[in-house]
Structures are given as C-alpha cells and as structure tokens.
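If you want the building blocks of each chain, they are given just below.
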4 protein chains.
Amino acid sequence: MTELTKIFGTSGIRGAIADKVTTNLALDLGRALGTFLEGKGTVGVGTDERTSREMLRYAFISGIVSTGTNVVDLGGAPMPTMASHSRMPGISTSVIITASHNPPADNGFKFFVGGREYIRSEEVFLESRVADRQFIVADWSNIGKISHWDIRETYIQRVKEFVLQRGGKADGMRVLVDTANGAACNYTPHILRDLGFKVTSVNSHSDGHFPGRPAEPSPQNLADTMKMAADSDFAVTLAHDGDGDRLAVIDEDGQFIDQNRVIALFARDEVRRHGGGTVVVSIDTSNVIDELVASAGGKVIRAPLGSLQETFEKSGADDIVLASEPWKPIFMDLGKWMDGIAGAARLAQMVAEEGKGSCIELMKTVPKYPMLRENVSCPDKIKPQFLPRVKELLLPEISGVEQVLEEDGIRIERNDGSYVLVRVSGTEPKARLYIGAKTQEGLDKLAAIAREIMKQVLESFDAS
Amino acid sequence: MTELTKIFGTSGIRGAIADKVTTNLALDLGRALGTFLEGKGTVGVGTDERTSREMLRYAFISGIVSTGTNVVDLGGAPMPTMASHSRMPGISTSVIITASHNPPADNGFKFFVGGREYIRSEEVFLESRVADRQFIVADWSNIGKISHWDIRETYIQRVKEFVLQRGGKADGMRVLVDTANGAACNYTPHILRDLGFKVTSVNSHSDGHFPGRPAEPSPQNLADTMKMAADSDFAVTLAHDGDGDRLAVIDEDGQFIDQNRVIALFARDEVRRHGGGTVVVSIDTSNVIDELVASAGGKVIRAPLGSLQETFEKSGADDIVLASEPWKPIFMDLGKWMDGIAGAARLAQMVAEEGKGSCIELMKTVPKYPMLRENVSCPDKIKPQFLPRVKELLLPEISGVEQVLEEDGIRIERNDGSYVLVRVSGTEPKARLYIGAKTQEGLDKLAAIAREIMKQVLESFDAS
Amino acid sequence: MTELTKIFGTSGIRGAIADKVTTNLALDLGRALGTFLEGKGTVGVGTDERTSREMLRYAFISGIVSTGTNVVDLGGAPMPTMASHSRMPGISTSVIITASHNPPADNGFKFFVGGREYIRSEEVFLESRVADRQFIVADWSNIGKISHWDIRETYIQRVKEFVLQRGGKADGMRVLVDTANGAACNYTPHILRDLGFKVTSVNSHSDGHFPGRPAEPSPQNLADTMKMAADSDFAVTLAHDGDGDRLAVIDEDGQFIDQNRVIALFARDEVRRHGGGTVVVSIDTSNVIDELVASAGGKVIRAPLGSLQETFEKSGADDIVLASEPWKPIFMDLGKWMDGIAGAARLAQMVAEEGKGSCIELMKTVPKYPMLRENVSCPDKIKPQFLPRVKELLLPEISGVEQVLEEDGIRIERNDGSYVLVRVSGTEPKARLYIGAKTQEGLDKLAAIAREIMKQVLESFDAS
Amino acid sequence: MTELTKIFGTSGIRGAIADKVTTNLALDLGRALGTFLEGKGTVGVGTDERTSREMLRYAFISGIVSTGTNVVDLGGAPMPTMASHSRMPGISTSVIITASHNPPADNGFKFFVGGREYIRSEEVFLESRVADRQFIVADWSNIGKISHWDIRETYIQRVKEFVLQRGGKADGMRVLVDTANGAACNYTPHILRDLGFKVTSVNSHSDGHFPGRPAEPSPQNLADTMKMAADSDFAVTLAHDGDGDRLAVIDEDGQFIDQNRVIALFARDEVRRHGGGTVVVSIDTSNVIDELVASAGGKVIRAPLGSLQETFEKSGADDIVLASEPWKPIFMDLGKWMDGIAGAARLAQMVAEEGKGSCIELMKTVPKYPMLRENVSCPDKIKPQFLPRVKELLLPEISGVEQVLEEDGIRIERNDGSYVLVRVSGTEPKARLYIGAKTQEGLDKLAAIAREIMKQVLESFDAS
C-alpha cells in the first residue's frame, strides 16, 4: 500500500483554506466519499458559518454527485444537528464543513454515520482514495441528484423531547447564551425559549468572521461574557464554540465552571436516571467523575483522547449512558454525537429544577478538587521511548496504586481518589502532566515526584 | 362618501393580530393596494421578525396579485431596507409588515413610495377601498406574479457607501450592538464589521418573541445593555427597535444619550457637510438642535409629530439635509426614510474619528441642557378648547418671545434659547408639557408658570 | 344548525375564480381546515399549473397557519402525488389546488387524508365553518409554521417500485405522452423514461393557459394527438388531464380505447395478481369489467358516481385490489387515490410485455361490446319521482334479471351479461340511459324498451 | 510560454464529461475565470438541462468564488438568455454550461461578455491559467459570495418587446414548437403564447436524456416532428437544439426550410427596417442572402465559420443589423448573441403577418435555388497545401469571377450569383465543397469542374 498523506486529525479534517482545506481537497473528498459509498445512497451536507463555507460546500457536493451518490444540502447547521441527520432513514453519511473552534481562516470536514463520527478505518479509506485518486466516475445517466432540506425544526423538536423527558419547562428563569457568532445562533436561544427560559444572547448574530470573540469557549475568550454574566441576574450562562458541539458553563457570579465538574454532573444524572450504566470519558478527565458516577451506582471507562466513538464500537458495552471529553457531552439517549446544544438545554433545566434557579446551588453537589495541568518540552524523536522510561521510574514512587491505564499515556490511579497522568502531545513537541487529588497537599506531593522524574528522563535523553 | 374606519395611525397601521391586524385585513389591504396601483406594477413585500409575519405576508401577497399587480417577496428585512427598495426601478410601492417597537402580539403595515412613507391622501385611498370593498379583480390570465429577491447585499452596500463618503474605516474600535432580536440582527453588526469595527452583539439572534427585552429602545428596556456597555471597553453602544428605524446611543460609561443631542450631532454634521441647508425636526425636540444647526449655518423647521414626510412634500424646501423625530434620523443624501441602521454606522464612525474612540469625547461638543417633559390628565372632550385657552393665558406671561409655533400644540420660543411646548396627546386623555432651557433655574421658572396656567385652564373646565 | 351553502361537489370544490373560488374563500377554507384539525398537525399544500395557483395557495396557507396548524408547501404537484403525501408520517391532511379538467378560468380544492379523498362528513365540517365563521384563532406565539419540500423524487420512486413489482423495464419501446400542459408534465414522461421507454411528449410544457388542448382527455380534445399517435411508430399513446388523475389510452393506429376496457384490463390483472379480490367500480361502467374480473376469480361492487372512497370506508371489504371510475384507476397496492400517472406507467409496461410492443395486441384480450349512452330532458323537480316510476314500469319488461342495483339510479343486470342503467344527473336537468350488451341486436332491443318507458314516464309528468 | 492544451473549440468548450469536461476542469475553469476577472466583479452562471449540469455548476461556482469573484446562480436557462444576462449592469461575464446539440454524455462551457461570446484572446487567457495553474486565491475574508436570481421573466419581456417593435400580436394562429426537451422548454412556448399564438408543443418537457430526439434540429432528427407538422393545421413549426441558439423552420406541409432562406428572410427584413446596413454571415451560406439583402439596399460580409463575434470586434462596421451562421440568427437590435428563441418568435410573427397565416406563402418571397454540399477525404497532413493548389487550378477554370474570399477556404463568386466554396474541415480529415447557382444546369457545370480539380489535387499528393 502506498504511503498516505494523513489528512484526518483527532477530530476530522482541519486546516487553513489557503493551503490544506482547499477547493481541490473538497472536490477530491467528495469523490472519495462517493467512492466509499459505491456511488449509491444519499449524503447530507451542512456547514457552520465560516466565510469559506459556500466555496467548500459547492466543490464537495460536486465531487459527491460525480460518483452517482445523491446529496441533500442542509445549508447551515450545527455539528450536533448534522450528526443527528446521519441517523435518518435513507441517509448513508452526513458531513459538516466546520473547523469547530479554530480561527476563521481555517475550515474542515467531519463525517458521521448512524449518529457517530467516522472511525479510523473509514477515514483511512477516504485518505487512500484522495491519495491514489481511484474515484468512481458515474455514467452521464447516473450522476447523483441534489435536493435541499431544512432540518432545523426536526432537530430542535428532538432536543426538546429529550430534555422534557428529564424535567419540566422553566418559568421564565433568566439565562445568558453566547453562541460564538456560530452555527448554534439559530438553535440554542430558541430551544431555551421554547423550554420556558427568558433568554438574553451575546455574540449571537451569525458571522463567519467571529467578530465577538475567538470561537473556543475558554475562560480567556469568554472574559467579557463572564462580566456580563456577573453583572445582571442571569441564573446561568451557557457558551458554545463555532459549531455547537462544545458547552461552557458560567455561574451567576460570573465564575467559569471546570469541565470535569460539568461532566460529573451530567454523568451522575444519567446513571441515576438509568439505575446504573457505564460512562466513557477521555483519559484527561479528573476523578470527580468517578466519584459521582460510583455514588450513583455506575462505572467509568477512560478512552484515549479523540477516541470516544472508537470506544463505543470496540468496548462492546451496551449500557453506556453518557460519554464525554471536556466540553463535549454525548447523551446516549439522544444519540452518539457530542451535543453542546442539548447539553446547554439540559443544564439550564437542572439549574432551574435542582439548583432552584441558582447555578451555584446546583454545583454545590459536585465537589471541587485541586487539579494541575502543565507541559514540558519533549522533542518528537524521543517520544517513543519517553513514556516507557517515565513509567519505569514513576510507578515505584507512587503508593496505593489501584489501577494503571496505558492506552494514551500513563495514568496512575491511587486508592485515595488522586491520580497522575503523563502523556505526549500528538500535535506539539510537548509532554503533558495532569494531576488530581482531594487536597492541595496531596496534589503538591504527587507533582513534586512526577516533575522530578520527567526531568530526569528528559535529561537522560539529552545526555545520550 | 361612506364613513371610514380609520385604520392608519401616525406611523402606518398597527394593532393586535387577534382583532385588528388579522388575515382578513391583510388580504383586503393587499387587494386595496393593488387597486390603488390599478392592477399594474410591482410591489415589494418584507417583514420584521414577528411570529405573525408569514401569516400576514401570505394573505397580503394573495390580495395584491389577485388584482394583477406583481409582487417581489423580500422575506425578512428591516424597515429602512424596505423603504430603500421602494426607490428601485420598476417598483411601485414597498411594504413592510411590522409593528416597530410594539409588543409581539401586535403587527402592522407600513407603505413606502420613492423612499418616503405614504402620506395621508394615499392612506385614505386604501382605507376607502377596505371600507367599500371596491377592489379590482384580475382576469384569470392577468393575475399578478410572485418572485423572490434577497435585497440584503444591495442595501448594505448602499449604507456603506453613504458612510464612507463621510469618513474612513475604523481600526478595530470596539462597539456593542443591541438589535432587539429584531429585523436588524443580520444588518447592523455586519455593516459595522465591514466598516472596521470589532463588534460584540447582545440580543442579536432573530426571534419574534423578543426574548431579550421589549422592542422599544428606552433606557428602562436597555438597563441590562447599559450595564454591559459600562462593564467592558466598548467605545459606544448602539441599540435598535424591532424593525431598525430607531437608534439609541449609550456611551462608554453606560450612560444613555438624550435623543435631542444625537439629532443635534447629526444635524450639525450634515449642515456643515453641505455648507448650509434646512433641518426638519418634530415639534417635541429641544433647542439644542437649533443652536448647533445655526452654528453651522443652517436653519431648522419644526413639523407636527408623525408628519416629517408630509412636510417634505408640502414645504417645498429643496435644501433639506436631515430630518428627524426622536430616535429616527432621515439622512437625505441616503433617502427619505428613517434609518437607525445608517445612523448607527455613522455614529460609530463619528465616535472613532471625531471622538477619537470615545463617545463621551464626541458628545462633549453637544451641550447638555436641562429639559422637562411631563403629562397631566386632559379628557378628550375638552381638548379642542384646551389649547386656545392655554395660549391666551400663557403667552402674556412669557417674556422675550421670539416665535410661536402652532401646528401641533403651542410652542413658545424665547430669545435665550429656552422654550415651552404644550400639546394634547392624539392617543391618550392627556396634555403634555415640554420645557427646555440653558439653566435649571430658567427651566424651573418656565415650569412654574406653565404648570399653574395648565392647572387653571383644566379647573375652568371642571367648573363649567 | 344554520343552512349551509354547499361548496363541495362530487369531486372536491370547483368553480370560477371570479366569483366562487376567490381569495376570500381560499382564506376561509384554510381557516376552516385548521379549525377541523384543532389548530394542530401539518397540512401539505400543492397546486396544479393554473394561473391562479399562487393567489389561492397564498391565501389558503395564510388561513391554515392562522389557526396554529403547520403547512408544508409542496409547490406544483399532480393530484396523485398530493394524495400520496397525505399518507406520510406526521401529515394530517394534504390538499391540492386544482380544477382537474375544468377550463383555465376555474380552480378548486381537493382534500386528502390517509391517501383517500375527504368523505362527505369531513366536507360538511369545512362547509359549516365557512358558513358560520367559527374559526380557531391561534395566539401570537402559536401561529403555524410554513416549510417547503420537494416531493417529486419520493413519489416517482414509489410509482416505479409499484410498476417494477408487476414487470420489468422496457427496452426502448416508443410511447407518446400528452400531459395536457398540466401538473404531470414533470412526472409521467420521466417515470416512463426511467422504466426504459423511449418517450416523445406532446402538450407537455407546463402552462396554466392549457394552450395545446382543453384539459379533459376526451376523444374530441385529443384529435391532434390521435393523429400523431397514428402517424409515427408509437406502441401506445397515454394522455392525462390537468392534474394527472385521469388516463386516456390511444393505440398505435390512433384509436381511442374505451374506458371500460382499460378498467377491465387493470382489474383482471390486479385480481389475477392477488389470486382473487374485490373490484369497486362506479355505477356507469360496463359489464366487460365483470366478465374479466369473474374470469380471474374476483368479484365486482358498483358504487354511486363520485363515491368510490366513501365505499372503501363503508363496505368493510378488506380485499379490494382495484377501484375505478372511468379514466381514474385506484391501485390499492399503491394507495387509495386515483392515479393516472401510475396507470400510464403500468399500461405502457403491459403493452411492452403482454402486448409484445402492440397496444392493439394487448387489447385483443379485452372484448369490445356494443354500448349506448344517451340523455333525455328531465326537469329537476320531477327527478324524485322519476326513478321509482321507471323502475316500476321497466323491471317487468326485462327478462333474465339477475341483479338490480339502486344506489345511484336503477341498474338492471341480466344473465347474458347485458345491463340497463337509468340515472338522473346531479348537475343538469337530464336523465341518462346507459346500456351494454354482447351483441348490437341485444343492445337495440333493450334500448327500444328503455327509451319507450322513459318517454312514457316523462309524458306522465307533463300530463299531471 | 508553455505549450497549451487547447480546450476551446469553434464554439466554446465541449466534450465528454467522462474524460474532458470533468469536475476538475470545471473547478479549474472557475478559478481561471475568477483570475481573469482579478478576483472582482460578478459572474452569472446558468445551465441547459443536461444530467451533468449540477455536478459541473457546483464545481465551477466553487472555483469562481475561491478567487473572490461573486456569482449569481441563474439555474437552468437557454443560451440566448445567459448571453443577454452578460449585458446587465454589474455583470462581468455570464457563462452557460451546455454542449448545445451534442449527445447527452457531453457537456461544455460558453462564456459571454457584453452580449457577445468570448473572443480568442479571452479564451487563451483561460486556457493559459488552466495549463499553468496560476490562480488567484482569495483571502478567507474576501471569498466571493453566491446569490440566486430568476432571469426568466426579464429575458422573456425583452424578447417580446423586440418582436412587438416589428409587428403585432397574432390572433390564435396555430404553431407547433419542438424544443428538443432542452433549455427552451420553458421559454419559446410561453413567449409565443403571450404573442397571441395557439401553441402545441412536442418534445417539450425538460429532460437531459433528450428522450424525444437528438438535440441537433436536423431534418433527420425532426422526421417525426415534420410528420406532425404536416398532419394538423399548424401554420408553421419551429424547432430548437438543446440550448436554444438554433432555430429550424418547417412549413405547413411538413417541409423543412433551408437555412439560407431563413437567414435571407431575416436579413432582408432587418435591412429594410433600418433602411440599409450590413449583414454578416458565415462563409458557408448561399448567395440568396446577398440577393435579398442587395434588393433591400444592404450589403453582406462573409466571416470564417465560428467567427461572427470576432468579426464584430474587428470589422469596425457600425451598421451591422443582422449576423448569422446557419440556424443561428443574431438580431443586433436585441443583442450580439445567437438567438433561436427570438428567431422563432419573429418568424411566427412574419408567418402571421406577411404570410397571412401560411409559412409557404411567406417563403414564396425568398427564392429557392439549387445547392450542393459534399465532402471528400483529405488527410490532415496535406490540408496546408491543399487549398493553395486548388485555388491555383480552379480559379482559371471559372469565368465571370466577381470576388474571391480566402479567409476560410476559397470562395469564388461569379457575376450570375453562383459561387463555389472549397474548405477543409477543422475537426475531420475531410475537404468540403459547396456550390450554389440559380439553375441546376449552372450548378452541375460548376460541380463538374470543382470535383475534377479537387480530385487532381488529392491525387497529386498521393503520387508524391
């Protein structure tokens, strides 16, 4: 097999439209996708609000229909909406053209089937065809057809049903929503309104220039929104990235809520609701999740970063009730996709009902433990040997080890609920250290040990 | 002639969809309009974002084409955009379905020709046809045709040209925009961005429920927005009503700028720019306008409330450069319509250039004088005699009278720039008193006199 | 209950747009329909190609959404397509705006639910609401929403499936299609092409003026098409009316095939295919149907004119395989609607397969017996007594009577396959006589008897 | 400069979608066109009805906007309509995706500016960019925008105006129209109806499979239509190719009218109407044109095949009133494009008015002279020397020579109105001989001479 240019990253395809995600790539990807589908079936195509959306959409659709596969063009739609589309009858695959929270000069593609993202083996097929250019070319009488559909109401209806199975309508509780001028502008505020909230929106006119703030809903980017959140009497503030898979939560004092606590909240709730079940979270999440899930009678599986969906397929677990990376909850009762929009609606409902109108009250039920996350330089060439050596030296220094996970870095879990995770980055020349513990003192001790050992290992490479 | 039900108010047709602005009225109005146009020509139809927009649009369009007149359906569009449409080649009239800043349960119609609103004689024709139901009915082979057009880019282009004739692009100055979840959501933020501003928006997702605040951009309704304005480093904050004809301005300290000062600012600027000219303002505006216009070499005409457009037609003045009621500037170089969107863009540009990035700096050049506005009870039946008696008693008490205007109430202007205006309301059983002066002391004296006399007059009716 | 204006005829609502089917009626009907549906659910709306289609569609849709019921606007679509839409999930009712084969100055409405036309009790509800104007008026926050969908591919797919369950694709057999410049222009030729026929079309550009011929596919109106059919080597020629529920068949010699033989052909085929079953036909059809259906092991029920759908509901028969009035076959395996388009496709397939490329060959298997149809004057006021007296006198004169049907006129069936039917018209001051027999001699005898008796009865009224 | 692949032929780009006119070429052509326009301006894009239209349209539009140039997508539209679009304000270029009368497996592109086709120098720019791939790539914030417009009514209006400047409306004269199931299906029948004709159409449902007949309107392909023309009482029959630039005319006896006579008819008419002027025709047209043009006081210029538009630019003549290749009239009062649709409308009008309802009558005013057109084998490699030798030998043998034209082959014109033209084909290994004369005897003599000399010349190459 020929050496492929790997065009997929951990979350679909992303890059600058100037040199990576070009019209030519879009056309070829369309041809590759149609070839994957053997020139049959129907593909849904949607986009976020980026300025390059039409340019890429047109080339991509041309490529798909050139193979004989049909297209239903869904226009602008958030990521969760497109994912949900892939589960509809007669739909072979749905694709969103988005670069999520990347800068506006980037764009990309995400592929869904049956509600989940494409897994690696499916991506490899597309990469191979883009590389070897072995595309199906439909006969003139079999070229695919293009139709148009507005999916918005159908998706909104589905999310409202999902939320109303979990609680009631609110009675005018005030919420602030920040949709990053992105694809959720026409979704989250309207769903919340229909669910009985009084909605104020900020950064919520659609604009692919992302004028209000960068699309990533990080505390830095949300500084102004956090001030607004504190300033008026909003019970909670909910923020998205550009395509609506991410959810950030800010309380009525304008404090940003740590992602691990949001995941823990959703996880405990879904496990309780199902009387047990499995929660799948990414390796970089903290043990507060395990604590709350255990309290509700469920169990936690950790997956490598970017591999939640892979894990669904492989794990064989049929009782998964929630999965999540930081920011991106997957509610299995809704579908296998990351859904910041449904997350926002459910969280607002929990603030209204369980928090009695206060996000601070609601979050009091989720402990807040010390955490650490830091990076050190780690050249790419030493990465393969780095982790084994760290493990070799680190493990003996840690007491009370309960479990060691090695699928993505080394995560050592102790019997007091603390943990150490050392990983190497897939995209930067860096190693990352994550520590969680119930006390600051406990965390500091683990940090001292881990830092020292990482330093030793790195120095050993310098010496050699 | 039969007695008509008067369906037009001071600003088009407005009322509850439940009993006044019904589908039947919409159908009949469409038939009346087509009859007015003799079953010929083409009418543009647009709407704001109200929930009843489609229902009324469909019935109205049906009525128009039933007479033989064609329709171009422009979908959702702000009021100024629809007004500008009425000036395009081949367009007989353009209509927006809107109730401006009324509550969401209301809706209405505004008619434009050649850029200006319909004047009374034109409205009377429509009212007469709705009353007598003498509509043109087109033969089956001559029914009007319906086409669709997206006017957005054309209007946006025109506003940008207008603003760029007055100054340059900004260099990333931050502005906050509040479009009342209305028709300007997809216009003002984008125009400002194209003009070089860094735009944050609040209440700017389209929603006919007006979830964020009532549509009128009054200080009370903008309380939250004023807090946001003060909280971050926005150079200026600009707010609209539901259909974009109104503009409210808030400075970087979150202070709401009085409308008279905004008008005075625009008026002085346009007069300077044209080396003179006439400014038409409504009777209820203050003398700060006169002061600034005079300083620039122009003159001011006052018009009854709701009659700016009527005044254009009647006055014969061919050097009008600006006209305005409170909130609603008409830039004659742009067209004869009230345009809060163009106003927002121009004001932001003036903050950037003349205010050097500070709205407070910019407004320092516009004096801030004491003003008073208050109401007293005044039963409808005494209104006809009320004003003559007030005039009779009041005029002798006021010294230094320079001019007395009597077209809409009695306005007495003094040679020190102070004035007293007494009007009766057209919609409520009230009389209104407006006073302006350069000092609080001066104002208090005039107020004491006017209150006393209004009281005497009202008591004289009680006695009789 | 108030006296109603009856607005429905035997086949929906029809009349001149000038005075009956006006924009006001369309609006009221929309309101009545939404009221019937209790302001809930979703209604599909489509139209044929008449020039008044947009005018009526807009008013009708406005009326529906004013009650809270949603609308999916399907644009132009043939009658069978709209009927099929009414069976889709989530669709409460589908409506086509059409006047079928009436002149272009007329238009009308046909209502479908679950694939069948509205029955009388449903029509009465709509008539009552139009009369008493007791319409539901939705609150501003509950007005219905309008969406758009292109149903064409879905319907075409369904018809092709239906036909391909009955046989294979053709191998380029030539067919001529005449779609009356109506709603089937974009359907029948394309379905036939996809089924392997080489299609030439005449009168097949869409035009609501019906320029090529009047919309009714009668031999007189098809004179030119019959010449074309004879002139080139088309195996069969298929013609529709304006909305595609009717099918006329012309053989390769340009001969128009009698409707009874077309029905008999379809009926025998469906009964054979199901190994038995019931065929429902209208009272005015001939006994050739009974002969062929019996030969295939099925049985025939006769229904009053315009009441096939009523009969489905009432008869309780669950083995109906085909129903038909002249021109309008209902294939129960496809759905409960009259479908000239599916009929055309199936007939072409039968010509190709059973006729081996010759319509004349195919029709040789369906006997051609003498028939008579004639009218005599019969004033409306004597109609109630006319039929009983005819029965009283006629029955004793006819020998070998096997069955007498009295649901719509008097139909006397004899044991040699001949029959006499006497009816009074529902729309004209006429009585109608229909006779069928296996020989001309047999027919002449029955005709002499029936004419004489009808004459006697009519004279007896004159005398009185 | 690099050697270019020449992708343009004599009439734009055409070829099989399987290997020449691919999605990749469409994308590159779009990028080349945007580059030609410097990433500015707006391009109109339309298509005929071919099955590959969407596939190519999407890729082409993607390419254009990737450079910063905007696109207005006009959907399906005939060639003359797209050409007329290129003359609208703000439009830089308009492009139709069509392969005219080629088979359905082909497609192509034609470019227009200011109403005329691109000339060679413009084509060379596009070819060069496709070859060297030096395309402009717009920055993310400057990507072109896509809008949609329905041009149909505007074009139809323009054609009707043009025709009604030349005569009146008809009074129901019957015409048969055959639009080749192509782009004119929704144009020619409707224009003729609006002009008062009673229109029957054949092969006039849109279908990119061209089911009714091959798209070229040649007598062979129109055999069935000619039978229909003869069979009923149509005053004239008008036929197009797939994109509507070509017009074929059939009289009421079903006789196909020679193209030279159609051109002569239009040419005389336009010259008369303008009181003189120049007519430009292609080299292969007969002298009947010269005779009629001269009789009306005008003069004729002959242009190489495929170069009418080039000739406009070069000739400097400012009094051109008509130009034409066989089938493709250009009415200069309408615009610089070939317009079979306007031709059809004008011809029908002339039949009604000048022919008093008879095409045969009308054509009696245009003489019908003997003509000959035949081919002989002529290998590509000898083509360069073939014509000089033919000229050398032929010229001395012809008497009464008035003029010799050598721009495209050798055309010898004699003083009795006869002529001989010898050309070599640009696409096949053939030489072509055209002769016209007023008598068969005269033609035969010229034919004998020319055949003998062509034979000699060809043999001389064989010998060498």
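What counts and how
Residues numbered from 1 in each chain as written. Chains lettered and ligands numbered in written order. Predicted model: local features only at pLDDT ≥ 70, side-chain atom pairs only at ≥ 80, totals over all residues. Heavy atoms only, no water. Pairing = 2+ DSSP bridges. Helix = DSSP H or I, 4+ residues; strand = E, 2+ residues; numbered from the N terminus. Axes fitted to C-alpha atoms, helices over the stretch in contact; angles between N-to-C directions. Salt bridge = Lys/Arg side-chain N within 4 Å of Asp/Glu carboxyl O. Buried < 20%, exposed > 50% of the residue type's maximum accessible area, 1.4 Å probe, protein only. Parallel < 35°, antiparallel > 145°, perpendicular 65-115°, else oblique. Left-handed = near helix turned anticlockwise from the far one by under 90°. Contact = heavy atoms within 4.5 Å. Buried area = accessible area lost by both parts, 1.4 Å probe. Polar contact = N/O pair within 3.5 Å; in protein donor to acceptor, adjacent residues only side chain to side chain. Nonpolar A, V, L, I, M, F, W, Y, C, P; charged D, E, K, R; others polar. Least-squares fit on C-alpha atoms with pLDDT ≥ 70 in both. pLDDT = per-residue confidence, 0-100. Lys, Arg positive; Asp, Glu negative; His and termini not counted.

S.K.: Account for the sheet that holds strand β16 (residues 371–377) of chain C, naming residues and giving values.
M.R.: Residues and elements named next belong to chain C. One open sheet accounts for 5 strands, arranged β16-β20-β19-β18-β17; its pairing is antiparallel. At either margin of the open sheet sits one strand with a lone partner, and together these are β16 and β17 (401–405). Each strand of the sheet is rotated relative to its neighbour by a mean of 10°, with strand direction disregarded. For strand β18 (residues 410–414) and strand β19 (residues 419–424), the ladder comprises 4 bridges, and the chain directions are antiparallel. Bridge pairing in β19 places Ile412 opposite Val420.

S.K.: Residues and numbers for the pattern of salt bridges, please.
M.R.: Under the counting rule described, the total for this entry stands at 155 salt bridges over all chains. Across the salt bridge formed by Asp290 of chain D and Arg302 of chain D, the nearest N and O atoms sit 2.7 Å from each other. In this pair, Asp290 of chain D is assigned in helix α9 (residues 288–295) and Arg302 of chain D in strand β13 (residues 298–303), connecting sequence segments 12 residues apart. One exposure class covers both Asp290 of chain D and Arg302 of chain D, and it is buried. Through salt bridges with shared partners, a single network forms among Lys160, Arg193 and Asp194 of chain A together with Asp207 of chain B.

S.K.: Any chance you could break down the packing of helix α8 (residues 259–274) of chain B against helix α9 (residues 288–295) of chain B for me, citing the residues and the numbers?
M.R.: All names here are of chain B. Packing of α8 against α9 leaves a shortest axis separation of 8 Å and a crossing angle of 15°. Taken together, α8 and α9 sit at an angle that is classed as roughly parallel. In the packing of α8 onto α9, the handedness of the crossing is right-handed. Where α8 abuts α9, its residues Asn260, Arg261, Ile263, Ala264, Ala267, Arg268 and Val271 lie against Val288, Ile289, Leu292, Val293 and Ser295.

S.K.: Outline the interface of chain B and chain A, listing residues and values.
M.R.: Taken together, the contacts link 27 residues of chain B with 27 residues of chain A. The largest contributions to the chain B side of the interface with chain A come from Arg193, His205 and Met228 of chain B, which together make up 26% of the buried area. On inspection of chain B and its partner chain A, the count reaches 4 salt bridges. Scanning the region where chain B abuts chain A turns up 18 residue pairs in polar contact (both at pLDDT 80 or more). Residue contributions to the side of chain B that touches chain A peak at 5 residues, all from strand β9 (residues 198–202) of chain B. Looking at the side of chain B that touches chain A residue by residue, the class counts come to 8 nonpolar, 11 polar and 8 charged.

S.K.: I'd love a proper account of the relation of the copies chain B and chain A, names of residues and values included.
M.R.: Note on the identical chains: chain B maps onto chain A by a rotation of 180° and an axial translation of 0.0 Å, with an RMSD of 0.2 Å. On this basis, the relationship between the two copies can be described by a two-fold rotation axis. Across chain B, the rotation axis passes nearest the C-alpha of Val202 of chain B, at a separation of 2.1 Å. Of the interface residues in chain B, 100% have counterparts in chain A that sit at the interface too, so the contact is made through matching surfaces.

S.K.: Tell me what's going on with the relation of the copies chain D and chain C, and back it up with residues and numbers.
M.R.: With an axial shift of 0.1 Å and an RMSD of 0.1 Å, the rotation relating chain D to chain C amounts to 179°. A symmetric contact is evident, with 100% of the interface residues of chain D recurring at the interface of chain C.

S.K.: So what's going on with the interface of chain D and chain C? Which residues, and what values?
M.R.: Opposite the 26 residues of chain D that make contact, chain C presents 27 residues. It is Arg193, His205 and Met228 of chain D that lose the most area in chain D upon contact with chain C, and together they represent 26% of the buried surface on that side. Applying the counting criterion to the chain D and chain C interface returns 4 salt bridges. Put simply, Arg174 of chain D and Asp224 of chain C hold a salt bridge, and the shortest N to O gap is 2.5 Å. Linking chain D to chain C there are 18 residue pairs in polar contact (both at pLDDT 80 or more). Taken together, the elements giving at least two residues each to the side of chain D that touches chain C come down to α6 (188–194), β9 (198–202) and α7 (223–231) of chain D. With 5 residues, the single largest contributor to the side of chain D that touches chain C is β9 of chain D. Taken together, the residues of the side of chain D that touches chain C break down into 7 nonpolar, 11 polar and 8 charged.

S.K.: Explain the confidence of the model for chain A to me, and be specific about the residues and the numbers.
M.R.: Looking at chain A as a whole, its pLDDT mean stands at 94, while 98% of the residues score no less than 70. Prediction confidence for the complex, expressed as pTM and ipTM, is 0.94 and 0.92 respectively.

S.K.: I'd like to hear about the sheet that holds strand β13 (residues 299–303) of chain C, residue by residue, with values.
M.R.: Residue and element names in this part refer to chain C. Reading across the sheet, the 4 strands line up as β13-β12-β14-β15 and stay open at both edges, with mixed pairing between neighbours. Looking at which strands have only one partner, the edges of the open sheet turn out to be β13 and β15 (328–331). Averaged over all pairs of adjacent strands, the angle between their axes in this sheet comes to 20°, without regard to strand direction. As paired strands, strand β12 (residues 278–282) and strand β14 (residues 320–325) are joined by 4 bridges and run parallel to one another. Bridging across to β14, Val280 finds its partner in Ala323. The strands touched by helix α10 (residues 308–315) within the sheet are β12, β13, β14 and β15, with β14 carrying the most contacts at an inclination of about 150°.

S.K.: Please provide a residue-by-residue account of unusual backbone geometry, values included.
M.R.: The backbone of Asn181 of chain D sits at a positive phi, close to 55°, despite the residue not being glycine. Locating Asn181 of chain D in the fold gives a position in the loop between β8 (174–178) and α6.

S.K.: Please set out the environment of Val130 of chain D residue by residue, giving values where relevant.
M.R.: Residues and elements named next belong to chain D. Within the fold, Val130 resides in helix α4 (residues 120–132). Spatially, the C-alpha atom of Val130 lies 6.2 Å from that of Ala32, the residues being 98 residues apart in sequence. Leaving out residues up to four positions away in the same chain, Val130 has contacts with Ile7, Leu25, Asp28, Leu29, Ala32 and Phe135.

S.K.: Help me get a handle on the packing of helix α7 (residues 223–231) of chain C against α7 of chain D, residues and values and all.
M.R.: Following both chains from N to C, one finds α7 of chain C and α7 of chain D inclined at 135°, their axes separated by 10 Å at the closest point. As the angle between them shows, α7 of chain C and α7 of chain D are arranged oblique. Like other packed secondary-structure pairs, α7 of chain C and α7 of chain D cross with a definite hand, here right-handed. Residues Lys227, Met228 and Asp231 of chain C of α7 of chain C touch α7 of chain D, and the partners they reach there are Lys227, Met228 and Asp231 of chain D. For the contact of α7 of chain C with α7 of chain D, the residue count by class is 2 nonpolar, no polar and 4 charged.

S.K.: Go over α9 of chain D, please, and point to the residues and values.
M.R.: Residues and elements named next belong to chain D. Among the residues of α9, Val288, Ile289, Asp290, Leu292 and Val293 are the ones counted as buried. Close packing links the buried residues of α9 with α8 (259–274), β12 (277–282), β13 and β18 (410–414). Directly after α9, the chain includes Gly297, whose backbone phi takes a positive value near 95°.

S.K.: Which residues make up the side chain of Asp339 of chain D, and what are the values?
M.R.: Residue and element names in this part refer to chain D. Mapped onto the secondary structure, Asp339 falls in the loop between β15 (328–331) and α11 (340–353). The side chain of Asp339 sits in the buried core without any salt bridge; Arg158 is the nearest counter-charge, 9.0 Å away. Within polar-contact distance, the side chain of Asp339 engages the side chain of Tyr155 at 2.8 Å. Among the polar contacts made by the side chain of Asp339, one reaches the main-chain amide nitrogen of Ala342 at a distance of 2.8 Å.

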